[in-house]
Amino acid sequence: MISRVKAVVSQLVGGSGAADSSPQLEYCRPVFLQLSPEERERAADHSCRNIVSPGLGSSRRRLLLPWDTGYAEVINAGKSVFNEDQAAREIVWVERRNNRAAGEVVKGGENVDKERHGLEFHYWALFDGHAGTAAAVMAARLLHLHISEQLQDLVDILQDGEVPPPICLTSHGMGNGVHEGDWEPPTDSESRFLLEKEISHEHLIIGAIENAFRQMDQQIEREQKAHGTLGGCCALAVVYLLGKIYVANAGDSRAILIRNGEIIPLSNEFTPESERQRLQYLAYLQPDLLGNEFTHLEFPRRIQHREVGRRMLFRDYSMTGWAYKTIEEDDLKFPLVYGEGKKARVMATIGVTRGLGDHNLKVHCSNIHIKPFLSCIPEVKVYDVAKYEHGVDDVIVLGTDGLWDVISNREVADAVIRVLSSCDTDDPDRFTLAARDLVMRSRGILKGHGWRLSNDRLGSGDDISVFVIPLYGHT
Ligand code: MG
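Quick summary incoming for the structure in this document. The written sequence of each chain sets the order in which its residues are numbered from 1. A pLDDT threshold of at least 70 governs which residues receive local features in this predicted model, and a stricter bar of 80 or more applies before side-chain atom pairs are shown or counted, although totals over entire chains, interfaces and linings include all residues. The side-chain numbers reported here are obtained from all heavy atoms of the structure, hydrogens and water having been left aside.

## Regarding empty space enclosed by the protein
Logical step 1: Here the term cavity refers to a set of points on a 1 Å grid, laid over the protein atoms alone, in which a 1.4 Å probe fits but cannot get out; the term pocket refers to an open set having protein on both sides within 12 Å along at least five of seven lines, with lining residues being those that place an atom within 4 Å of a point. Grid points are joined across faces, edges and corners, and a volume is the space filled by probe spheres set on the points. Summed over the entire model, instances satisfying the criterion amount to 1 cavity of 30 Å³ or more.
Logical step 2: Estimated volume of the largest cavity: approximately 40 Å³.
Logical step 3: Together, His 130, Cys 233, Cys 234, Val 352, Thr 353, Arg 354, Gly 355, Leu 356, Asp 358, Lys 371 and Leu 374 line the largest cavity.
Logical step 4: Amino acids are sorted into nonpolar (Ala, Val, Leu, Ile, Met, Phe, Trp, Tyr, Cys and Pro), charged (Asp, Glu, Lys and Arg) and polar (every other residue, Gly among them). Taken together, the residues of the lining of the largest cavity sort by class into 5 nonpolar, 3 polar and 3 charged.

## Notes on the environment of Ala 131
Logical step 1: Along the chain, Ala 131 turns up in the loop between strand S4 (118-130) and helix H4 (134-151).
Logical step 2: In this structure Ala 131 comes out as exposed when scored by relative accessible area, which is 56%.
Logical step 3: Through-space distance from the C-alpha of Ala 131 to that of Glu 84 is 8.6 Å; in sequence the pair is 47 residues apart. Under the DSSP-based scheme used, a helix requires at least four consecutive residues in state H or I and a strand at least two consecutive residues in state E, with every element numbered from the N terminus. Any residue under 20% of the maximum accessible area for its type is buried, any over 50% is exposed, and the rest in between are partly exposed; the area is computed with a 1.4 Å probe on protein chains only.

## Focus on the coordination of the magnesium ion
Tetrahedral coordination by four donors places them ideally at 109.5 degrees to one another around the metal; octahedral coordination by six donors ideally gives 90 or 180 degrees.
Logical step 1: Bound to the magnesium ion on the protein side are Asp 128 (OD), Asp 401 (OD) and Asp 462 (OD), at distances that span 2.0 to 2.2 Å.
Logical step 2: Only nitrogen, oxygen and sulfur atoms within 2.8 Å of the metal, or 3.2 Å for Na, K and Ca, are treated as donors, and water is left out, so sites may look incomplete. Between the donor residues of the magnesium ion, the gaps in sequence give the motif D-x272-D-x60-D. Here Asp 401, found in helix H9 (residues 401-404), pairs with Asp 462, found in the loop between strand S21 (450-452) and strand S22 (464-470); they are 61 residues apart in sequence, far enough to count as distant. Comparing Asp 401 with Asp 462, the two get one shared label, buried.

## Observations regarding the nonpolar core
Logical step 1: Within the largest apolar cluster, 45 residues are counted, with the highest numbers of intra-cluster contacts made by Phe 121, Tyr 123, Phe 127, Ile 147, Ile 209, Phe 213 and Leu 356.
Logical step 2: Among the secondary structure elements, those contributing two or more residues to this core are strand S2 (85-95), S4, H4, helix H5 (155-160), helix H7 (201-227), strand S7 (232-241) and strand S8 (244-250).
Logical step 3: Among the elements that take part in this core, H4 stands out by supplying 11 residues, more than any other.
Logical step 4: Contacts are residue-level and defined by heavy atoms, with any inter-residue pair within 4.5 Å sufficient. Setting aside residues up to four positions removed in sequence, Tyr 123 forms contacts with Ala 88, Arg 89, Glu 90, Leu 143, His 144, Ile 147, Ala 237, Val 238 and Val 239.
Logical step 5: Leu 33, Leu 64, Ile 264 and Tyr 383 belong to the second largest nonpolar core, which has 27 residues in total. Throughout this description, the term nonpolar core refers to a set of buried Ala, Val, Leu, Ile, Met, Phe, Trp, Tyr and Cys residues connected via side-chain atoms within 4.5 Å.

## As for the sheet that holds S22
Logical step 1: One open sheet holds the 5 strands; their spatial order is S1-S22-S19-S9-S10, and the pairing between them is antiparallel. Bordering the open sheet on either side are strand S1 (70-74) and strand S10 (262-265), each of which pairs with just one other strand. Strand-to-strand twist in this sheet, taken as the mean axis angle between neighbours without regard to direction, amounts to 20 degrees.
Logical step 2: For S1 and S22, the ladder comprises 5 bridges, and the chain directions are antiparallel. Bridge pairing links Gly 70 to Val 468 in S22.
Logical step 3: Only C-alpha atoms enter the line fits that serve as axes; for helices the fit covers just the stretch in contact. Angles between N-to-C directions range over 0 to 180 degrees. Against the sheet, helix H10 (residues 409-422) engages strand S9 (254-259), S10 and strand S19 (395-399), with an angle of about 50 degrees to S9. Only when DSSP finds a minimum of two bridges between them are two strands counted as paired.

## Structural notes on the packing of H4 against H7
Logical step 1: Packing of H4 against H7 leaves a shortest axis separation of 8 Å and a crossing angle of 135 degrees. In terms of axis orientation, H4 runs oblique to H7. Judged by the twist between their axes, the crossing of H4 over H7 is right-handed. Counted together, Ala 135, Met 138, Ala 139, Leu 142, Leu 143, His 146, Ile 147, Gln 150 and Leu 151 of H4 and Ala 208, Ile 209, Asn 211, Ala 212, Phe 213, Gln 215, Met 216, Gln 219, Ile 220 and Glu 223 of H7 form the full contact between these two elements.
Logical step 2: In terms of residue class, the contact of H4 with H7 is made up of 13 nonpolar, 5 polar and 1 charged. For classification, angles of less than 35 degrees are called roughly parallel, those exceeding 145 degrees roughly antiparallel, those between 65 and 115 degrees roughly perpendicular, and all remaining angles oblique. For any helix crossing, the convention is left-handed if the near helix is rotated counterclockwise from the far helix by under a right angle, and right-handed if that rotation is clockwise.

## Some points on the packing of aromatic side chains
Logical step 1: When the centres of two rings from Phe, Tyr and Trp lie within 6.5 Å, Trp using its six-membered ring, the rings pair. Their planes under 30 degrees apart give stacked, over 60 give edge-to-face, and anything left gives tilted. For the coordinates displayed, the defined rule picks out 12 aromatic pairs.
Logical step 2: Their ring planes at 80 degrees and their centres at 4.9 Å tell us that Phe 32 and Tyr 71 sit as a pair that is edge-to-face. With Phe 32 in the loop between helix H1 (2-12) and helix H2 (37-43) and Tyr 71 in strand S1, this residue pair connects regions lying 39 residues apart in the sequence. The same class applies to Phe 32 as to Tyr 71, namely buried.
Logical step 3: Judged by centre distance (6.1 Å) and plane angle (90 degrees), the ring pair of Phe 294 and Phe 334 falls under edge-to-face. On the criterion of sequence distance, the pair formed by Phe 294 in strand S11 (residues 294-295) and Phe 334 in strand S14 (residues 334-335) is long-range, its members being 40 residues apart.
Logical step 4: Judged by its relative accessible area of 8%, Phe 294 is buried.
Logical step 5: Through a chain of ring-to-ring contacts, three or more aromatic side chains come together here, namely Phe 32, Tyr 71 and Phe 467.

This is the structure in structure tokens:
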């Protein structure tokens, strides 16, 4: 298994390998589901919307989803042919750079020689695709390998507890093209201009994850150029490394921690509303990105021609509140950020502002690119697991927006606690049962022609994917 994975890594993570990778990036469901062709067909039925999860009571499931991680998913109600969500669960062994091409993926039950100089991290991720499945499929298969690749520089530093040097030493000399013999320590007079910041290990890992997202985005760009694939995806990734959990979010998926019944948010959503000021500032600095069609200013509603010269409320990149201005001709252009809540859009086109892909995305019937406004860099939050005692019902819940659009954090936490407390604490299926329950609650039940929740509100018509990650006994 490892040699096969290494071959994939060297082809896909390395440089231009993406160009011929498309055959391996065809639509699929998560590997750990192990769906037969018949099961896959049933899972794709929009009319029934069967909830799919790994086999209960299966020892194979425990190997494919270590920590007894719970998972469930359901396809959308017909908005797209395929389920555009993807999921990944991996354990990755990272050796220092130059020991090998990239990280090895360790499957459950596989022994790793802990004497080898390296690090192991656990990884869970959800990808919510749009305008096609390719970006989410590619990210689900490869993002953890990019994280591994970025961590290779840190193996010695993190293992030995060293203070990170500003230039990375490797077994083949110093990084950035500098050779050991070329380098001399600064003289006393130089030293006062070369004060070094103290950089924590935690920030090195955050930087590695951020950079991995960037590398992943660039690889998707190469793929989209080479093969003309379209679309993008939101990405939510959790990395457990050296006693801490790193939650990286780029998009509108969400992670929460439930600890002793208390809810601790582990991510923020990135939408046109939450990132309005960043978007407006970019447009203010580079108005050419708006193609003379949009204004970076926001108004409470579209302005009519007859209102030019009147006073109207507005706000720009520097404002959280509103003020009046005299309307000019230029203000008649369409606002860069327009709409509210789930209907808010950037340039009337896209409802998320961070994620991977979308390199070809343009405003409808124009040559105006959206990508400059979309960031591939995640916000990374850190949870120091070792600082807390965790009970048997303490979990992290990851969900795509199909879950969170229709049920609140509190409803999710209450449902999880109810399911977990109804099962024996040594039942390995309890977290999968909790994940299934969340998907069922957010999908609802088919009544007439629509999906309805128990309170008769509309159920989610989106793809829904949920991980329930137990913390007790694993950290
Ligand atoms: Mg979604």
